[in-house]
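# Topology and contacts: notes
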Protein chains: 2
Amino acid sequence: MTAPPAVGLGVTLSVLAESETASAAQVVPSSPVGDHTSIEDVLAFARRCDVVTFDHEHVPPEVIAAVQDAGVRVEPSPDALLHAQDKLVMRRRLTALGIPCPDWAHVTSRADLEAFGRRVGWPLVLKTPRGGYDGKGVRVVTGLDDARDWLEAVEAVEAAGAGGTDGEHGTTMADGLLAEAMVGFTRELAVLVARSPSGQAAVWPVVETVQTDGICTEVLAPAPDLDPELASRASESALRIAGELGVTGVMAVELFETRDGDGRPAYLVNELAMRPHNSGHWTIDGSVTSQFEQHLRAVLDLPLGSTRSRARWTVMGNVLGGDYPELYATYRHLMARDPAMKFHLYGKDVRPGRKIGHVDVSGDDLDDLRARARHACDYLQGVITE
Amino acid sequence: MTAPPAVGLGVTLSVLAESETASAAQVVPSSPVGDHTSIEDVLAFARRCDVVTFDHEHVPPEVIAAVQDAGVRVEPSPDALLHAQDKLVMRRRLTALGIPCPDWAHVTSRADLEAFGRRVGWPLVLKTPRGGYDGKGVRVVTGLDDARDWLEAVEAVEAAGAGGTDGEHGTTMADGLLAEAMVGFTRELAVLVARSPSGQAAVWPVVETVQTDGICTEVLAPAPDLDPELASRASESALRIAGELGVTGVMAVELFETRDGDGRPAYLVNELAMRPHNSGHWTIDGSVTSQFEQHLRAVLDLPLGSTRSRARWTVMGNVLGGDYPELYATYRHLMARDPAMKFHLYGKDVRPGRKIGHVDVSGDDLDDLRARARHACDYLQGVITE
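Bear in mind that the values here come from a model prediction, so they are computed numbers and not experimental data. (Residues numbered from 1 in each chain as written. Chains lettered and ligands numbered in written order. Predicted model: local features only at pLDDT ≥ 70, side-chain atom pairs only at ≥ 80, totals over all residues.)

## Things to note about the overall build of chain A
Using the following cut-off: A helix here means a DSSP run of H or I that spans at least four residues, while a strand means a run of E at least two residues long, and both kinds are numbered starting from the N terminus. C-alpha atoms define the radius of gyration, and 2.2 Å times the number of residues to the power 0.38 defines the globule rule. Exposure classification rests on a simple neighbour count of other C-beta atoms within 10 Å of a residue's own: a residue reaching 20 or more is buried, one at 12 or fewer is exposed, and one in between is partly exposed. C-beta atoms are placed from the backbone. Contacts are defined on C-beta atoms placed from the backbone: any two residues whose C-beta positions lie within 7 Å are in contact.
Per the secondary structure count, chain A includes 13 helices and 15 strands. Over its C-alpha trace chain A gives a radius of gyration of 21 Å, about what one expects of a compact globule, namely 21 Å for 386 residues. Out of the 386 residues belonging to chain A, those deemed buried represent 45%. At a minimum sequence separation of 6, the contacts of chain A that also span at least 24 residues come to 62%.

## Quick notes on the relation of the copies chain A and chain B
The line we're drawing: The copies are overlaid by a least-squares fit using only the C-alpha atoms of residues whose pLDDT is at least 70 in both copies.
Superposing chain A onto chain B takes a rotation of 180° plus a shift of 0.0 Å along the axis, which leaves an RMSD of 0.0 Å. The operation mapping one copy onto its partner corresponds to a two-fold rotation axis. Taken together, the interface assignments show that 100% of the residues at the interface of chain A recur at the interface of chain B, consistent with an identical surface on both copies.

## What to know about the pairing of strand β15 (residues 355-363) of chain A
Residues and elements named next belong to chain A. Note the following rule: When DSSP finds at least two bridges between two strands, those strands are taken to pair.
Burial runs high along β15: seven of the nine residues are buried. Bridge analysis of strand β13 (residues 313-320) against β15 gives eight bridges, and the strand direction is antiparallel. If you follow Trp313 over to β15, its bridge partner there is Gly363. With four bridges joining them, strand β14 (residues 342-345) and β15 adopt antiparallel strand pairing. Residue pairing in the sheet places His344 in a bridge with His358 of β15.

## A short note on the domain arrangement of chain A
It is common to give the size of an interface as the accessible area that goes away when the parts come together. As a reminder of what qualifies: These domain boundaries are the output of an automatic or database domain assignment.
Here chain A is described as being made up of domain 1 (3-74), domain 2 (103-181) and domain 3 (187-381). A C-alpha centroid distance of 30 Å is found between domain 2 of chain A and domain 3 of chain A.

## What about the environment of Phe343(B)?
Here Phe343(B) is to be found in strand β14 (residues 342-345). Along the sequence, Phe343(B) and Gly137(B) sit 206 residues apart, while their C-alpha atoms lie 31 Å from each other.

Here's what the structure looks like:
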């Protein structure tokens, strides 16, 4: 999705692709195949670039450091990116900055978890600091037994000493676990911000992200009936996080909307993502500058574009794969049914539950837009047949 | 510019490129190099495609016929496309359909031109039926002397007999010349229409095209202060031409706005272009469905998208090359000056007067939009320096 705005901006892209059939390789002429966890592969790729950036957070910090050491510009920097790669690092930093977060603790033993559970109550949320996404590496636990395997893995690493290797569990549990209190939230929100190396920054309107089974299925832009004062505070926090962490490019700040002790709307930061993010896909059609164009402008230190909305409302619906592998007939039907709907297919094989595309619809009637987006996604997934 | 919408639609493009550094080859992974006038090159290319279409009208009819004979779908068909390749064929057909055209004559001799000049008056417009674009192959002549070289070429072909070769003048004058009366127009307009093989068709709002030295420099969408009844008639004519000629894909109908005998607004058809056209570049940012997405939908016989405007006004400014080959500094300055401006660079080397990109700005204040687009184009061309 970064390829389309690169055309107009005159930016030549090159993508380190995981395979010759990867989505990006289908649309970017220069798409060498390589392993993003290999220093050798990434360095060979990076040496041909003016700036290197990321479309996921899974490039290991030591690989990114090697690119930077080779004198190639990396945006965001490994120091900034670490806050999106390691949830424990993120919680420590945001707490130090006074940004509202759920109550949390660093857990390296059964005793740690037991103490935290006693303090905040069960169930609580346990996360592996690294490597999680879309619900993976996150678990709601009602007691110590639910966390037995993770705790054993963590205690084994601890027993091997501070310098111990990560062993069979990879890097995900080398620093223990992150425990967080369950948050009684009213809904989930997200703020998308972009910041350039020069320090220019811009936010898009706060959106509502609707989750189903831990996966975002719908984004409403802007978040309906959002308290303007809360929207303003959340936007300021996103800009402050971007500045304090030295973020460059696009960052999504995922929020829980809650109520404070007096019943007034409040928020807590859930996660950070430092890249164009699913919660910002609506901007492709709904904003003067899409998050993908803005990410390019930001990492190239070009002036940022306007984040004004093109319409009163834009609704984004994620298209999940169904049982039927061929989308063409459904897609054709939907195009005829809704000429104003914008389709974005990702060139991925259809697998049940996999995000394979999204649709955007913009207009003045939010209920109508939601119904149309919902219908299209259900129809493409095969949940409904007319 | 067709590459960006192909990404979202999941359409795999392949381009027969004139060179490895061609604009399209920079952004389309499959871009074999070949000569669009070579049957062999075009056939080898076409055999790998489901549908073949065009981004200019200079592929010779016999080459297109060969592709069709090989069983590959060609949209638009050679029969339809001929009306955009040969101005004489176009004039004959439109006149037969009762579509308003300037007074015209087929000229194959000095005597023909003299008679036409006597009838409609001098100066008049002389055109080579084939091969012209952007003012090339078009000449305003004040008398026979201004047309001496063209007339000699035409008479030489005539003297060689009906089966004579085209000789050194190529195909452009094999069928004589097209003479047209000078039209006293108030401004130039264009209607963009798309039609699919199934017969579905859609028009965008009628636009005003502002020409400077025979080259379009600015497009105002919609055409300001246009008589609604004229807009409706012009749109109907464009749809009728598309239907009668069996056009598939996007067609631009270029018009002169005139006054009829009673002083009421009227129009005459100037030219046809069967492809996404400069007069429709505003749709990339100003319309729910851009002409490039619509062209893909149409030639693939997918349902057409909405042609509704995203804003009250969109102004497109063509960026012409200036003396200074490097755009980066000016481009960067303009991005900072106007965060809502959309830049579209074509990846072409800068040469004085060459179209190397365009800008789009959308909003409610037409004068403001025109001033911003004008400033950006002048600044990029080096005509102004602040």
